[in-house]
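So you can see what is in the structure, the chains are spelled out below.
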Amino acid sequence: KPGGDDPAVKTYKVGVAIYRYNDNFMTLYREEIASYFKSLETDTVKYDLSFVDGKDSMDEQSNQIDTFIAQGMDVIILNLVQTSSAEVLIDKIVAADIPLVLINREPLGDAGDESYEGILNNPNVCYVGADARQSGTYQGEIVLALENKGDINGDGVVNYIMIMGDVENVDAQYRTEYSIKALVDAGVEVNCLYQDTAIWDQTKGQELVANALAQFGDQIEVVFCNNDGMALGAAQALRDAGRTVGVDVYLLGVDALDECQEMVKEGTMTGTVLNDHIGQSHTAVDVAIKLLNGEPVDNYYWVDYVKVDINYFN
Amino acid sequence: MQEYCLEMRGINKAFPGVQALDNAQISLKPGTVHALMGENGAGKSTLMKCMFGIYHMDSGEIIFEGEKIEIKNPAEALEMGIAMVHQELQPIPARTIGENIFLGRYPIKKLFGFIPVVDHDKMYADTEALLKKVRMDFDPRQMLGELSVSQMQSVEIAKAISANCKVMILDEPTSSLTHNEVEALFTIIEDLKESNVAIVYISHKMDEILRISDEVTIMRDGKYIGTWDAKDLTNDFIISKMVGRELTNLYPVKENVPGEVVFEVENFTSINPHSFRNVTFNLRKGEILGVAGLVGAQRTELMEGLFGIRSHTTGTIKYLGKEMTINRPKDAIDSGIAMLTEDRRHSGILGVLSVADNISIASLNQYLDYGIAINDKKIEALVQENIEKMDIRTPSSKTLIKSLSGGNQQKVLVGRWLANNPDVLILDEPTRGIDVGAKYEIYTIIADLAKQGKSIIMISSEMPELIGMADRIMVMCDGRVTGFIDGKDATQENIMELATKFE
Amino acid sequence: MEKVKSFFKKIIDYLKGNPIVVILTVVSLVVGLTVENFFSFNNFNNLASNTGVRFLIALGISGCLIIKGTDLSAGRIVGIAACITAVLVQRADYASKMYPQIPEMNMWLVLVIVLIIGSLIGLINGLIIAVLNVPPFIATLGTQTIVYGIALIFTNSQPVGGYQKVFSETLSAKLLPIGKYPGIPVYVLFAIVFGLIFAFLYKKTTYGKYMYAIGGNEIAAEVSGVNTKKSKILIFTLAGFMYAFAGYLLAAKSGGANAGLGQGYELEAIAGCTIGGVSTTGGIGTVSGILIGVLVFELLKVVLQFLGVNPYFNFIVQGLVIVTAVAIDIRKYVARK
Amino acid sequence: MEKVKSFFKKIIDYLKGNPIVVILTVVSLVVGLTVENFFSFNNFNNLASNTGVRFLIALGISGCLIIKGTDLSAGRIVGIAACITAVLVQRADYASKMYPQIPEMNMWLVLVIVLIIGSLIGLINGLIIAVLNVPPFIATLGTQTIVYGIALIFTNSQPVGGYQKVFSETLSAKLLPIGKYPGIPVYVLFAIVFGLIFAFLYKKTTYGKYMYAIGGNEIAAEVSGVNTKKSKILIFTLAGFMYAFAGYLLAAKSGGANAGLGQGYELEAIAGCTIGGVSTTGGIGTVSGILIGVLVFELLKVVLQFLGVNPYFNFIVQGLVIVTAVAIDIRKYVARK
Ligand SMILES: Nc1ncnc2c1ncn2[C@@H]1O[C@H](COP(=O)(O)OP(=O)(O)OP(=O)(O)O)[C@@H](O)[C@H]1O
Ligand SMILES: Nc1ncnc2c1ncn2[C@@H]1O[C@H](COP(=O)(O)OP(=O)(O)OP(=O)(O)O)[C@@H](O)[C@H]1O
Ligand SMILES: [Mg+2]
Ligand SMILES: [Mg+2]
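Residues numbered from 1 in each chain as written. Chains lettered and ligands numbered in written order. Predicted model: local features only at pLDDT ≥ 70, side-chain atom pairs only at ≥ 80, totals over all residues. Heavy atoms only, no water.

Focus on the coordination of the magnesium ion (ligand 4)
All names here are of chain B. Donor atoms from the polypeptide that coordinate the magnesium ion (ligand 4) comprise Thr300 (OG1) and Glu342 (OE), at 1.6 to 2.7 Å from the metal. Of the two residues, Thr300 is situated in helix H9 (residues 299-306) and Glu342 in the loop between strand E18 (337-340) and helix H11 (344-347); the sequence distance between them amounts to 42 residues. The pair formed by Thr300 and Glu342 is uniform in burial state, with each residue classed as buried. (Donors = N, O, S within 2.8 Å, 3.2 Å for Na, K, Ca; no water. Helix = DSSP H or I, 4+ residues; strand = E, 2+ residues; numbered from the N terminus. Buried < 20%, exposed > 50% of the residue type's maximum accessible area, 1.4 Å probe, protein only.)

Structure (structure tokens):
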């Protein structure tokens, strides 16, 4: 199967389908995939990588997978646009007898929350990812680790606002749900002052938080943001309103962008959650190569998120 | 000083499918009116558009004040002192009269001595003076869109005059003017001659040509036929040169016999207080009813009201004794009424569609197979029949109508309504922009229809035409019907008397 | 002999008039000869399927463009139609069934329901435009937002999957396999059928003639007895119908749906139509042109993927192609002066 | 006495002609009286800042609309301008500086650079439209895609932050505090200045006159000696300038930028303009109308937020407002016959 001019050199064709190219995290992830593959090349083994952008459209991605199959990829690394329609794509790839590594977004199976049985049964398919719920849970846990558990004014209730990403996005949904769940499970009383979507957009994040600050003022104790981009907008709004993170308000994001790590270090952000793109991408590549070599693999590989709060730097 | 201030020589211009200009020429002397004549599609407008820089000629030369020049766009033509009143009006309805007139050359003043801004006060003052000069008393700040077509045409003339040009092109300036404005225009032309302007005058109205022109150039099929001194010319000579054959009669023999009343309008009043009111008249089977009036007499509005283009408050329309409700043109069309509207470009032609589509659009329902599929063969036959009957100059039935000459577009529109075979046909300025030869064709068609028992309402600002064709003339003034005159007794004088009977 | 000559002349004239077709044919040939598997039945079928579904949307939107309007709600109607389809064809025993109270439905009944809903949304567009006189751009911008909101509520912004097997299988079937060729995908069949229907509608019926007349000069059309309001309403309703149909097929094709599906498809469809010669100033456009326009766009995507062009550059190349294709094409229509 | 009467009559006439303004005023009053803090200096300033920046974009796009065109690239130009700004004002010592080779720059120099780039992109739009005769919708659809691709490459689709302190501080400053009122945000000041400049341009200069003339009847303008190509190029260039300016401000306002910033702003701006009476059929529109249109939109957003309306319903309400506002407004222009 593998081509190449020199019979001694084996070139594997690797198709990588990303759900949306303009996603901060997936950008880091896919770049790490590319450079890690590169670093694993030897004189006799080369990897020919093709990246495609699903543009957050299931149909687009489905077309791209069709084309991958037509191109005769040796292995496909797939970052699903839509987790519930994994079945069709996976079946197609399996039918074409191409090994498949699913990354970052866990396919949902028949039983909804349960994992997709196709993965468990098929030795040629596996999933490498983090449990998306964990990122939300960690946001909550960072707040719980604070001295006052988020209750700045000491009235026994944590008043928060929630800036959501794209409402349709699973990550946004999990983070929204599990961050609060973590607090509630720990017996903290919470009160949602306001919740709306800024569609991952920094400007919209700033505007929504600025408006919320105008409306609720000092009542706001914690600002949860589904990602760091919006948290940066929120930080700007908080600064403009004369609020000081760590003193009279807490601010949380997800992604651990460099800028946000800096801010956590200097205290202008309470915490963020690191989705370990290096760990995940390396695992994904390692597994893909095992599949290429026909070695047996597990069906699931889990990589943990990392809490980034002030303790992370100590 | 040269004899000619502007000469065009050996001009060629081809459009897809037609050689619009074939070695055409014209030479203009300062201080004279030079009539340019020819049938519809002869290439008159095209020649002028080449002079004005709208079209780029394929070959040929323009000599202006002794120098060979090249005119790349209208801006350059204006710069050189060439002004043009276009055959197709170019209004900007949502802007004021003053802004329309000074478009492209607004008076500028310096704010704080260095910021150039439009000097509105001067612009409106100048407009006011200019309008006075051409005997129009509009508010310069009125929106142009509120004027009627004829008033807009007057504004365009005023605009061209104000350009202080050396050469003035008037491409059918009087096509929708009535007697009084035409007179006003002629006075202006005399003034321009005094100040040594060379004027090109294009018109299909013979009496105008013979009255005001000094020289006449005739074209046929894009070719130059010849130039003559106007004083040596007769109507018949011009027509024979234009058409290439003799034309004996101006109007056909009418054989129609008006019968019983078929169409009755009673107390018809517009929703617009300044428009038509309390109009009552009737129309007989096989009758040609002429409608006369000055500009602003609301003839057009009245007919558009009857046809459902405009709304009315009170009044009834009865057809064959039955009262009708007409809310939109379709209602009128479905009951056998058709109307050729006045403003061809605004409400007539379907520009990017073919001649065939334009002719057939109102009568498609008559050419359906199985009640659904359009029979293209039958439509093609219909179109060919019309092209022949009216001598429409078009490369083919598939040619886009917008590339036809103005007069030929008008013929296509007449064809559209004939195809629909209506019982009552309202014609608003049906011969507007049509050459003498084709006019005769259209008169013949009208007379023929009347003979077949169709009833015709014909609005016209050309009184000879009304007198020549109508069985009865209804005269309007300022929205009211001021009287009826029998066709046989009609004269310019008694029509004018009723047309100026203001309240 | 003469005939053969004139036939070749015709082809050459056509190609001169349509340089995009030439360029894309050449590019495909080059790619096909240098990149493995480009000329393969699989790739051909993929391209045909993708083009087919987009073509249906473009057909729907073309009427709106020809009457000088536009339809920004196309993508969102596709989306809501796909969501409704997905919800209704869910298996009864699917654990996370969205509306467990809805029984398992016959997939053709679902199609009928979805088509009715799509047509209704189109009808509303038409009414807003024709009766309330709201310009199409704004009217459909408004309904686009509303339809999306409803789709989000309807799906609770959850992706919907878990179809009845018969649904996916029926629609992913291929017909008439010949030798090694696996057969024509069903999507392509639908596209052909609707292409023919639209060609008939546009060329042979009063519906089409009135549509072109409205685009050419709405007032003149009205005066000529065209019920322009009715025509517009019909055109937008039919457009809604087509989007719904495309949504139904896309739901099957992608194996699941969510409210975001179809976002931006209107722009692709408009670009395709315009590349294919539909004039945004109204009155001009043919079904065959639309097909070519859409095909150009889809072919471009596949070529770029086969060449392994960096997705960022994809944006740039696609933009350049849109602009240059239309710039070349427009020269046919710009009046020679 | 008479004067007072006629003054009130005028106001009442105005309100009759602008029911949207009435409705929104009433709604705001109700919300203000029932929801805490709605009538507060902070909220007022937020509203004013958001409106201010959107207003700049709307001003830019208004010229394109008035000449019967459109500009779909507005949002993406805002985005790339914001990204460039963000990259150039990054602190030299910022750990993850995107282009470490670029030295720390003066924020006003950055403004000049960004404005030049924005104007250049606008110029390209103008050239494609005026010289290549590509319809504005398609031309800007193409450049939109291209600009986005470039922005992605430029930022590597990473968010950019870590500004020099002076940048954020200067632009988040408030001027002229009076008593409890914290002062007017700088954004608002810019909006006022540009609003006045545009009102002047549109009403008093040949630039504006030609623009309206082209929108009213392009052929008329052409045969009256107006250089329509030049006018169009200027209009699109100025539009690019305005988007770039808005992008610069948004980069400051949101404390960071990424390539996606600004997406869809063109639709919001077009909606705002149209609500404010700019006609999509060309030739009509005023600066004050545009301000009202944009304000209506932003006020609506704040009202919905204060009322705590479910985000899904936000979409629906916004869509309804766009459609009804324009439907009501359009009645003024639909000729009574
Ligand atoms: N833009 C164009 N495209 C194609 N053909 C054109 C165009 N303009 C004019 N023609 C053709 O050129 C010929 C001359 O037209 P032109 O308008 O000059 O005639 P005309 O003498 O002014 O006639 P009329 O008296 O009807 O106005 C006609 O056959 C017309 O169809
Ligand atoms: N809807 C309207 N709103 C305002 N003014 C109107 C309206 N309709 C008509 N008018 C006015 O009515 C007059 C139109 O009269 P018009 O010149 O059309 O009458 P006519 O007798 O048909 O003359 P013509 O020979 O020019 O056609 C104009 O002064 C125009 O301003
Ligand atoms: Mg002419
Ligand atoms: Mg009239």
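Notes on unusual backbone geometry
Even without being a glycine, Asn421 of chain B presents a positive backbone phi close to 50 degrees. Note on placement: Asn421 of chain B falls in the loop between helix H14 (406-419) and strand E21 (424-428). With a relative accessible area of 47%, Asn421 of chain B lands in the partly exposed category. For Asn156 of chain D, which is not glycine, the phi torsion reads 50 degrees and is therefore positive. If you trace the backbone, Asn156 of chain D turns up in the loop between helix H6 (136-155) and helix H7 (165-171).

A short note on the domain arrangement of chain B
All names here are of chain B. You can read the domains of chain B as domain 1 (6-243), domain 2 (249-336 + 422-503) and domain 3 (350-420). Placing a centre on the C-alpha atoms of domain 1 and another on those of domain 2 gives a separation of 31 Å. With 20 residues of domain 1 at the contact, the number on the domain 2 side is 15 residues. Interface area for domain 1 against domain 2, summed over the two sides, is near 1500 Å², with a carbon-plus-sulfur share of 59%. The largest per-residue losses of area from domain 1 upon contact with domain 2 belong to Asn40, Thr178 and His204, which jointly make up 30% of the total buried on that side. One can count 2 residue pairs in polar contact (both at pLDDT 80 or more) joining domain 1 with domain 2. (Domains from an automatic or database assignment. Contact = heavy atoms within 4.5 Å. Buried area = accessible area lost by both parts, 1.4 Å probe. Polar contact = N/O pair within 3.5 Å; in protein donor to acceptor, adjacent residues only side chain to side chain.)

Examining the pattern of salt bridges
Residue and element names in this part refer to chain B. All chains considered together, the criterion is met by 54 salt bridges over all chains. Across the pair Glu39 and Arg393 runs a salt bridge whose closest N-O atoms are separated by 3.2 Å. Remark: Arg393 occurs in the loop between helix H13 (376-389) and H14 and Glu39 occurs in the loop between strand E3 (33-37) and helix H1 (44-51); sequence separation between them is 354 residues. Judged by relative accessible area, which is 7%, Glu39 ranks as buried. (Salt bridge = Lys/Arg side-chain N within 4 Å of Asp/Glu carboxyl O.)

Observations regarding the coordination of the magnesium ion (ligand 3)
All names here are of chain B. For the magnesium ion (ligand 3), the full set of protein donor atoms is Ser45 (OG) and Gln87 (OE1), at a range of 1.8 to 2.1 Å. Of the two residues, Ser45 sits in helix H1 while Gln87 sits in the loop between strand E6 (82-85) and helix H3 (97-101), which places them 42 residues apart along the sequence. The two residues Ser45 and Gln87 agree in class, both being buried.

Points about the pairing of strand E22 (residues 455-459) of chain B
Residues and elements named next belong to chain B. The buried fraction of E22 is high, at 5 of 5 residues. Of the two faces of E22, the one holding Ser455, Ile457 and Ile459 and the one holding Ile456 and Met458 are both buried throughout. Pairing geometry for strand E15 (residues 288-293) and E22, over 4 bridges, is parallel. Paired with Leu289 across the strands is Ile457, a residue of E22. As paired elements, E21 and E22 share 5 bridges and run parallel to each other. Among the inter-strand pairings, Leu427 is bridged to a residue of E22, identified as Met458. At this point the chain moves from E21, through helix H15 (residues 436-451), to the parallel E22, and the crossover so formed is right-handed. (Pairing = 2+ DSSP bridges. Right-handed = clockwise from strand over helix to strand, strands pointing away.)

Examining the interface of chain C and chain B
With 26 residues of chain C at the interface, the matching set in chain B holds 37 residues. Across the interface of chain C and chain B, roughly 2400 Å² is buried in total on both sides, 60% from carbon and sulfur atoms. The interface formed by chain C and chain B includes 3 salt bridges. Taking the shortest distance from any N to any O, the salt bridge between Lys204 of chain C and Asp376 of chain B comes out at 2.7 Å. Between chain C and chain B we count 9 residue pairs in polar contact (both at pLDDT 80 or more) in total. Only helix H8 (186-204), helix H9 (206-216), helix H10 (218-223) and helix H11 (228-254) of chain C provide two or more residues apiece to the side of chain C that touches chain B.

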